[in-house]
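Structure assessment
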Amino acid sequence: MTYIAKPQFHHPSLKHNALGFTRRDYEGKVSTLCAGCGHDSISAAIVQACFEIDLEPHRLAKLSGIGCSSKTPDYFLGASHGFNTVHGRMPSVLTGANLANRSLIYLGVSGDGDSASIGLGQFAHAMRRGVNMTYIVENNGVYGLTKGQFSATADKGSKSKKGVVNSDSGIDMVGLALQLGATFVARSFSGDKDQLVPLIKAALTHKGAAFIDVLSPCIAFNNHKGSTKSFDWVREHNEAVNRLDVLMARMAVTASYEPGSLTEVTQHDGSVLLLRKVAEDYDPTDHAGAISYLQHAHAAGEIVTGLLYVDPEAEELHDALGTVKQPLNALPDEELVPPVAALDKINAGLR
Amino acid sequence: MTRPITAVNDFVVKFANVNGSGSASANGLFVKAILRMGVPVGARNIFPSNIQGLPTWYEIRVSGHGWLGRRGGVDLMVAMNPQTWDRDVAEIEPGGYLFYDSTKPMPSSKFRDDITVVGLPLTALCNAAYAEPSKRKILKNIIYLGALTFLLGIERAVVEALLAEEYAAKPALIPANIEALQIGFDHARDHLKPLGLKLRRADAVGDRIFVDGNTAAGLGAVYGGATVCAWYPITPSTSLAEAFTAYCRKLRHDPETGPDGGGARYAIVQAEDEIASIGMVTGAGWNGARAFTCTSGPGVSLMQEFIGLSYFAEIPGVIFDVQRGGPSTGMPTRTQQSDILSAAYASHGDTKHVLLLPEGPNECFEFGALAFDLADRLQTMIFVMLDLDMGMNEWLIEPFRWDEDRVLDRGKIMTAEMLEAGADFGRYKDVDGDGIPWRTLPATHPSKGSYFTRGTSRDPYARYSEEGAVYVDNMERLLRKFETAKSLVPPPIVRRAARKTSYGVIYYGSTSPAMDEALAGLEADGVAVDALRVRAFPFEGEIFEFIAAHDLVFVVEQNRDAQLRTLLINEGGVDPARLVKVLNYDGSPITARFIQAELAKGMGVPKARAGEMVR
């Protein structure tokens with residue numbers, strides 16, 4: 001977290017998006033994370049994704065918990081309101097914010113220490129409630145700010161920088177999100193921007209609980225031999241099930257792909273997810289198949305990345321609650337305060 | 001033999017029942033019948049933390065004078081629970097009455113010589129009339145209600161009309177209930193004599209309503225413009241969220257779309273726990289909605305971290321704390337006022353929170369609505385401190401009132417227009433000298449007014465800072481804001497004695513009705529005491545002026561450690577020797593007799609000589 005703002009200077013040749021913003025308009029303050037931290041790559045991917053889907057920067061609300069990852073919302077989308085909450089309990093704050101104003105885009109950023117330990121309960125309930133949000137876990141398997149303790153996502157048998165072997169089973173956030181009912185579940189790698197940016201774009205346009213687990217090696221404490229969250233390990237064991245492109249609703253679908261290598265998924269808002277299959281038999285709309293595939297890959301020592309599951313017809317929390325379309329925080333007094341006559345009637349019923 | 005008590009419209013009846021036996025309905029009918037006869041009633045349900053099988057009591061204060069608190073003592077015990085027989089019998093006033101099921105003979109040692117015993121062969125009557133066990137269980141209660149109707153002179157037509165109302169949705173049940181009532185009434189008429197305790201139609205109820213504080217607070221939240229409720233079930237606060245839900249369904253729908261068409265102008269979430277519920281309140285408050293949770297002491301304990309965040313990051317929200325017996329699980333279904341300190345100074349570090357202290361359902365409604373204005377104005381968490389007695393028991397109160405011209409106070413929210421006009425926005429800047437900064441809501445303006453909310457220290461422009469001076473400035477501003485709160489919260493209410501006195505008494509919350517009667521009793525004994533009811537924290541100057549103006553001030557509370565007294569000493573620098581503790585904390589609502597006796601004792605004069613000690 002920093003108070004150092006980036007200079008406002010824009011190079012005249014910078015590309016503008018449909019709203020007239022440049023990529024720089026989506027940046028935040030200067031990062032104070034370690035040089036080479038995977039989290040900064042994720043921030044860059046968020047910036048790129050928001051720029052490419054023509055999102056008005058101030059229409060996004062960014063929330064986080066506590067930890068290295070949770071500092072990052074200060075480093076992107078400087079025009080947005082941000083909220084650095086408490087350890088692991090960002091999901092409830094995001095849920096409340098979403099209840100207050102359903103018209104904004106909500107981005108929750110968390111870490112494995114934040115979400116898989118103290119925050120596991122809140123993570124679970126936000127997923128099962130279908131809060132309309134994008135929830136990114138920047139997963140490095142280690143506690144960075146307190147200098148190197150294993151987190152709950154560290155794989156059993158992996159080694160810490162000090163050579164300690166982890167004896168606890170690691171929590172797979174992706175498997176968990178699938179079980180909990182998240183309607184968009186993906187995994188990626190901070191070092192694979194080509195895969196990550198489209199996934200973030202797709203998640204931001206998804207209506208419902210969208211979860212992306214991003215493996216983001218900690219260069220200070222978890223990038224050594226024996227770690228299963230290091231850059232080298234992830235690159236060597238990465239098994240991508242698909243590659244994604246997102247076509248927004250307003251774009252004509254003109255791309256042509258070879259039959260049999262492509263899946264098209266049209267979302268509620270008309271946006272189309274184009275999935276180039278790497279694994280030929282992979283269907284990201286098959287919930288049970290996704291869970292099975294994930295488990296088989298895990299048993300084979302592979303880290304599956306890509307869009308693992310999407311329900312294009314997903315409903316979100318406001319649908320279940322039946323709330324009005326207008327943001328609750330903008331309803332005028334007359335729509336909130338019942339007339340005195342209603343109170344008189346209530347009084348009469350209590351006699 | 002002690003002379004039997006005789007009284008008209010002024011006595012205490014207590015029903016001793018077994019939880020889950022269906023007695024609540026009959027007991028409720030009994031109370032409502034008395035109210036319909038125009039006689040004021042105070043009713044208190046004393047129940048276990050259990051679904052079935054454990055003892056439960058329902059104590060009713062019948063008072064033509066209008067005393068609605070607990071008096072103390074029992075004039076008529078309706079002893080329907082063998083488990084608690086001995087203690088129930090022991091509680092009866094000398095000259096009082098014991099009403100019991102005489103189906104099985106009982107040894108004389110189980111009775112007392114100084115009371116009148118009235119036996120009704122309830123089980124025998126019930127078994128003779130009904131073959132089905134379920135009917136026997138339920139209608140047994142109506143049979144004893146029928147007998148009491150005769151014994152106390154309740155108008156039977158009133159009870160029958162109430163039965164018709166009670167079962168309006170299931171009319172098939174009405175004849176069976178009327179029949180059971182008749183069985184009890186007839187048997188009592190044919191075999192028993194009316195008691196010395198009598199009910200006579202009066203005109204002392206007026207247009208008053210009979211309602212519990214949780215319902216009132218839930219309704220207050222509706223009128224206060226609350227749109228987000230995130231809660232987690234916990235006794236005794238659950239019915240507050242349920243009341244809010246029910247009233248929202250009736251009153252808060254877009255008329256075009258209705259409840260089933262996505263027209264809800266509210267969002268209610270049963271959270272996974274108390275931490276999530278206050279987290280949702282925090283998020284909603286940050287984003288400009290009026291949000292609340294309702295809970296009890298254990299919930300407040302869990303919420304501490306978020307409460308601290310809301311204090312420091314200055315996020316509005318409301319917590320209804322319906323207090324129960326603590327610490328830990330304590331006595332979950334008994335009443336106390338024991339969260340005062342844990343709410344006032346909730347969370348780590350230096351914090352202070354605004355507490356509203358309603359005295360009953362009327363103020364639960366008023367403060368329930370006001371809390372949202374205060375939360376928005378002060379940008380902080382507001383606690384409304386109910387307790388189980390007030391929250392879950394029905395009280396006879398004046399009808400709810402609302403000023404149609406009242407406008408909700410949204411506080412200092414900087415708009416896009418203000419930002420566009422060049423307002424210097426600093427989220428934590430004290431622009432107006434009242435300690436309250438301006439805030440913007442997310443998405444207010446495309447390029448101005450955004451800021452990063454955090455629990456870590458920051459400067460007036462919300463920029464992260466660990467500079468000591470910056471931190472101190474911020475903390476001092478928060479104190480200024482708390483000072484400002486004194487002028488916004490409900491002031492105390494002072495009641496002067498008929499004569500000048502150097503004695504004062506301070507009290508708050510649900511102690512009120514018992515205090516009314518105690519003060520009247522003291523006055524009748526010739527004892528003069530000035531009284532002050534605290535209605536909020538922070539304490540405004542009048543409270544300390546009141547203390548300074550009296551040699552000795554009694555502080556009446558329903559907790560062990562005299563928590564309000566501690567707060568008075570801490571905040572006002574009062575000499576502890578001048579504040580005398582008067583404490584009731586056995587989980588039962590405080591009684592008038594207890595207060596009166598303790599105050600008389602504290603003034604150093606026996607009750608019999610109380611009249612001589614007035615200064």
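Residues numbered from 1 in each chain as written. Chains lettered and ligands numbered in written order. Predicted model: local features only at pLDDT ≥ 70, side-chain atom pairs only at ≥ 80, totals over all residues. Heavy atoms only, no water.

**Focus on the overall build of chain A**
Each helix and strand in chain A was counted, giving twelve helices and 13 strands. The principal-axis extent of the C-alpha atoms belonging to chain A is close to 75 × 50 × 50 Å. Expressed as a percentage of the 351 residues in chain A, the buried residues total 58%. For chain A, restricting intrachain contacts to residue pairs at least 6 apart in sequence, the fraction spanning at least 24 positions comes to 70%. Summed over its atoms, the accessible surface of chain A is roughly 13500 Å², and 53% of this surface lies on carbon and sulfur atoms. Measuring between centres, the 31 positive side-chain charges of chain A sit 7 Å from its 37 negative side-chain charges. (Helix = DSSP H or I, 4+ residues; strand = E, 2+ residues; numbered from the N terminus. Buried < 20%, exposed > 50% of the residue type's maximum accessible area, 1.4 Å probe, protein only. Contact = heavy atoms within 4.5 Å. Areas by Shrake-Rupley, 256 points an atom, 1.4 Å probe, with all protein chains shown as cover. Lys, Arg positive; Asp, Glu negative; His and termini not counted. Charge placed at Lys NZ, Arg CZ, Asp CG, Glu CD.)

**Topic: the packing of aromatic side chains**
Overall, the coordinates contain 29 aromatic pairs over all chains when judged by the stated rule. With centroids separated by 5.3 Å and ring planes inclined at 70°, the aromatic side chains of A:Phe123 and A:Tyr135 adopt a geometry described as edge-to-face. Highlighted residues: A:Phe123 in helix α5 (residues 120-129) and A:Tyr135 in strand β4 (residues 133-139), separated in sequence by twelve residues. The pair A:Phe123 / A:Tyr135 is uniform in exposure class, with both members buried. Where B:Trp85 meets B:Tyr100, the ring centres are 5.6 Å apart and the plane angle is 75°; that geometry is what we call edge-to-face. Here the residue B:Trp85 occupies a position in helix α2 (residues 85-90), and B:Tyr100 occupies one in strand β6 (residues 92-101), the gap between them amounting to 15 residues. Since its relative accessible area comes to 6%, B:Trp85 is described here as buried. (Phe/Tyr/Trp six-rings, centres within 6.5 Å; stacked < 30°, edge-to-face > 60°.)

**Considerations on the side chain of A:Asn98**
Residues and elements named next belong to chain A. Residue placement: asparagine 98 occurs in helix α3 (residues 90-100). At a separation of 2.9 Å, a polar atom in the side chain of asparagine 98 contacts the main-chain carbonyl oxygen of asparagine 132. Among all residues touching asparagine 98, those that are not within four sequence positions of it are Tyr106, Val131, Asn132 and His318. (Polar contact = N/O pair within 3.5 Å; in protein donor to acceptor, adjacent residues only side chain to side chain.)

**Let's talk about the sheet that holds strand β3 (residues 105-111) of chain A**
Backbone hydrogen bonds are what pair the strands of a sheet, in a parallel or an antiparallel way. On the basis of which strands lie adjacent, the open sheet formed by nine strands has the order β9(A)-β13(A)-β7(A)-β8(A)-β4(A)-β3(A)-β1(A)-β2(A)-β17(B) and mixed pairing. With partners counted over all chains shown, the strands left at the sheet margins are β9 (238-240) of chain A together with β17 (452-454) of chain B, one partner each. Across the sheet, the mean angle separating the axes of adjacent strands is 20° when strand polarity is ignored. Pairing between strand β7 (residues 184-189) of chain A and strand β13 (residues 303-310) of chain A: four bridges, direction antiparallel. What sits directly across from A:Phe184, in β13(A), is A:Val310. Strands β1 (60-64) and β2 (81-84) of chain A together with β17 of chain B of the sheet are contacted by helix α9 (residues 274-286) of chain B, whose axis makes an angle of about 155° with β2(A). (Pairing = 2+ DSSP bridges. Axes fitted to C-alpha atoms, helices over the stretch in contact; angles between N-to-C directions.)

**A word on helix α17 (residues 512-524) of chain B**
Residues and elements named next belong to chain B. The end-to-end C-alpha separation of α17 is 18 Å, in line with the 18 Å expected for 13 residues at 1.5 Å each. Regarding α17, the residues found buried are Ser512, Pro513, Ala514, Met515, Glu517, Ala518, Leu519, Gly521 and Leu522. Following α17 by one or two positions, glycine 526 has its phi on the positive side, about 85°. (Expected span 1.5 Å × (residues − 1).)

**Topic: the nonpolar core**
In terms of nonpolar packing, the biggest core is built from 156 residues, with A:Phe211, B:Phe292, B:Phe320, B:Leu356, B:Phe400 and B:Ile506 touching the most fellow members. Here this core takes ten residues from helix α13 (residues 361-378) of chain B, the largest share from any one element. Residues within four places of B:Ile506 in sequence aside, it is in contact with B:Leu532, B:Val534, B:Ile543, B:Phe546, B:Ile547, B:Val553, B:Phe554, B:Val555, B:Val556, B:Leu564 and B:Leu568. B:Phe11, B:Leu68, B:Met80 and B:Leu152 belong to the second largest nonpolar core, which has 59 residues in total. (Core = buried A, V, L, I, M, F, W, Y, C linked by side-chain atoms within 4.5 Å.)

**Concerning the sheet that holds strand β3 (residues 41-46) of chain B**
Residues and elements named next belong to chain B. Pairing within the open sheet is mixed, and its six strands lie in the order β3-β4-β2-β5-β6-β7. The open sheet has two edge strands, β3 and β7 (116-120), and neither has a second partner. Averaged over all pairs of adjacent strands, the angle between their axes in this sheet comes to 15°, without regard to strand direction. Sheet topology places strand β2 (residues 10-18) next to strand β5 (residues 74-79); four bridges connect them, and they run parallel. Its bridge partner lying in β5, valine 13 is registered against leucine 76.

**Describing the environment of B:Ala216**
Residue and element names in this part refer to chain B. As for its position among the elements, alanine 216 is in helix α7 (residues 213-223). With a relative accessible area of 0%, alanine 216 lands in the buried category. Beyond its immediate chain neighbours, meaning those up to four positions away, alanine 216 contacts Pro361, Cys364, Phe365 and Phe400.

**Observations regarding the UniProt feature "domain: Thiamine pyrophosphate enzyme TPP-binding" (unreviewed entry) in chain A**
Taken from the UniProt record, the annotation "domain: Thiamine pyrophosphate enzyme TPP-binding" (unreviewed entry) applies to residues 66-214 of chain A. Between the end C-alpha atoms of residues 66-214 of chain A there is a gap of 17 Å, over a span that is 36% helix and 23% strand. (UniProt positions renumbered as here; feature names shortened; annotations may be inferred.)

**A few points about the pattern of salt bridges**
Residue and element names in this part refer to chain B. Per the counting criterion, the structure on display carries 52 salt bridges over all chains. Lysine 412 is paired through a salt bridge with aspartate 434; the nearest N and O atoms lie 2.9 Å apart. One end of the pair, lysine 412, is in the loop between β16 (394-397) and α15 (416-420); the other, aspartate 434, is in the loop between α15 and β17, and 22 residues separate them in sequence. The class for lysine 412 is buried, based on a relative accessible area of 5%. Among the residues examined, aspartate 434 registers a relative accessible area of 18% and is labelled buried. Across the pair lysine 601 and glutamate 598 runs a salt bridge whose closest N-O atoms are separated by 3.2 Å. With lysine 601 and glutamate 598 both in helix α20 (residues 592-602) and three residues apart, this pair spans about one turn of that helix. (Salt bridge = Lys/Arg side-chain N within 4 Å of Asp/Glu carboxyl O.)

**A short note on the interface of chain B and chain A**
Taken together, the 67 residues of chain B in the interface contact 55 residues of chain A. Of the roughly 5200 Å² buried between chain B and chain A on both sides combined, carbon and sulfur atoms contribute 63%. Between chain B and chain A we count five salt bridges in total. Between A:Arg89 and B:Glu305 there is a salt bridge whose closest N-O contact spans 2.4 Å. Here chain B is connected to chain A by 28 residue pairs in polar contact (both at pLDDT 80 or more). When residues of the side of chain B that touches chain A are traced back to their parent elements, those giving at least two are β9 (209-212), α7, α8 (238-251), β11 (267-270), α9, α11 (304-313) and β17 of chain B. Ranked by residue count, the leading element in the side of chain B that touches chain A is α9(B), at eight residues. (Buried area = accessible area lost by both parts, 1.4 Å probe.)

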